[in-house]
Amino acid sequence: TFFTGTARAAAASYPKNANIAAALALGTVGLDRLTVRLVADPTIPGPASNIKLRGRAGEISISVKGAALSQRTSRIVPLSVVKALRN
């Protein structure tokens, strides 16, 4: 783990690594209430996100493993941009 803090601090300090956290924060509890942990693991071959949501009603865990397009982005990013533009 190389960072633990709010989504706002993660996005400010690590903008290339915290975009999913920032989007989740904006769609849920806000940039200052969402806790983010960024981990660098050289054994994982591509980008990965583990998302845990907890509330009074229960808990949801989601694991997303993307296929790397380059060292900077995953294959899902350009597909997401195209979908957003079409909508």
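A short tour of the structure in this document, coming up. (Residues numbered from 1 in each chain as written. Predicted model: local features only at pLDDT ≥ 70, side-chain atom pairs only at ≥ 80, totals over all residues. Heavy atoms only, no water.)

## Quick word on the overall build of the chain
Okay, so step 1: Counting its secondary structure elements, the chain contains 3 helices and 4 strands.
Okay, so step 2: Starting at the N terminus and walking to the C terminus, you meet the elements of the chain as β-α-α-β-β-β-α.
Okay, so step 3: Each principal axis of the C-alpha distribution contributes one length, and for the chain these read about 35 × 35 × 25 Å.
Okay, so step 4: The buried share of the chain, reckoned over its 87 residues, is 15%.
Okay, so step 5: For the chain, the proportion of contacts with a sequence separation of at least 24, taken over those separated by at least 6, is 40%.
Okay, so step 6: Roughly 7,000 Å² of accessible area belongs to the chain as shown, and the carbon and sulfur atoms make up 55% of that amount. (Helix = DSSP H or I, 4+ residues; strand = E, 2+ residues; numbered from the N terminus. Buried < 20%, exposed > 50% of the residue type's maximum accessible area, 1.4 Å probe, protein only. Contact = heavy atoms within 4.5 Å. Areas by Shrake-Rupley, 256 points an atom, 1.4 Å probe, with all protein chains shown as cover.)

## So, helix H2 (residues 19-27)
Okay, so step 1: All of the buried residues along H2 are Ala21, Ala22 and Ala25. On an axial view of H2, the arc spanned by its buried residues comes to 100°, and they lie on one face.
Okay, so step 2: Those residues of H2 hidden inside the fold are in contact with helix H1 (7-13) and strand S2 (35-38). (Arc of directions from axis to C-beta.)

## Regarding a nonpolar patch on the surface
Okay, so step 1: On the surface, a cluster of nonpolar side chains totalling about 250 Å² of accessible area is made up of Ile60, Ile62 and Val64.
Okay, so step 2: Within the secondary structure, Val64 is located in strand S4 (residues 58-65).
Okay, so step 3: Take Val64: its relative accessible area is 42%, and that puts it in the partly exposed class. (Patch = residues over 30% accessible without salt bridge, like charges linked within 9 Å, V, L, I, M, F, W, Y side chains within 5 Å. Salt bridge = Lys/Arg side-chain N within 4 Å of Asp/Glu carboxyl O.)

## Some remarks on the packing of aromatic side chains
Okay, so step 1: For the coordinates displayed, the defined rule picks out 2 aromatic pairs.
Okay, so step 2: Between Phe2 and Tyr14, the aromatic rings sit 5.0 Å apart at their centres with planes inclined by 75°, giving edge-to-face as the arrangement. Remark: Tyr14 occurs in the loop between H1 and H2 and Phe2 occurs in the segment before strand S1 (3-6); sequence separation between them is 12 residues.
Okay, so step 3: For Phe2, a relative accessible area of 37% puts it in the partly exposed group. (Phe/Tyr/Trp six-rings, centres within 6.5 Å; stacked < 30°, edge-to-face > 60°.)

## Focus: the environment of Leu38
Okay, so step 1: By the element assignment, Leu38 lies in strand S2.
Okay, so step 2: For Leu38, a relative accessible area of 10% puts it in the buried group.
Okay, so step 3: Expressed as a C-alpha distance, the spacing of Leu38 and Phe2, which sit 36 residues apart in the sequence, is 5.9 Å.
Okay, so step 4: Leu38 has contacts with Thr1, Phe2, Phe3, Ala10, Tyr14 and Asn17, leaving out every residue within four places of it along the chain.

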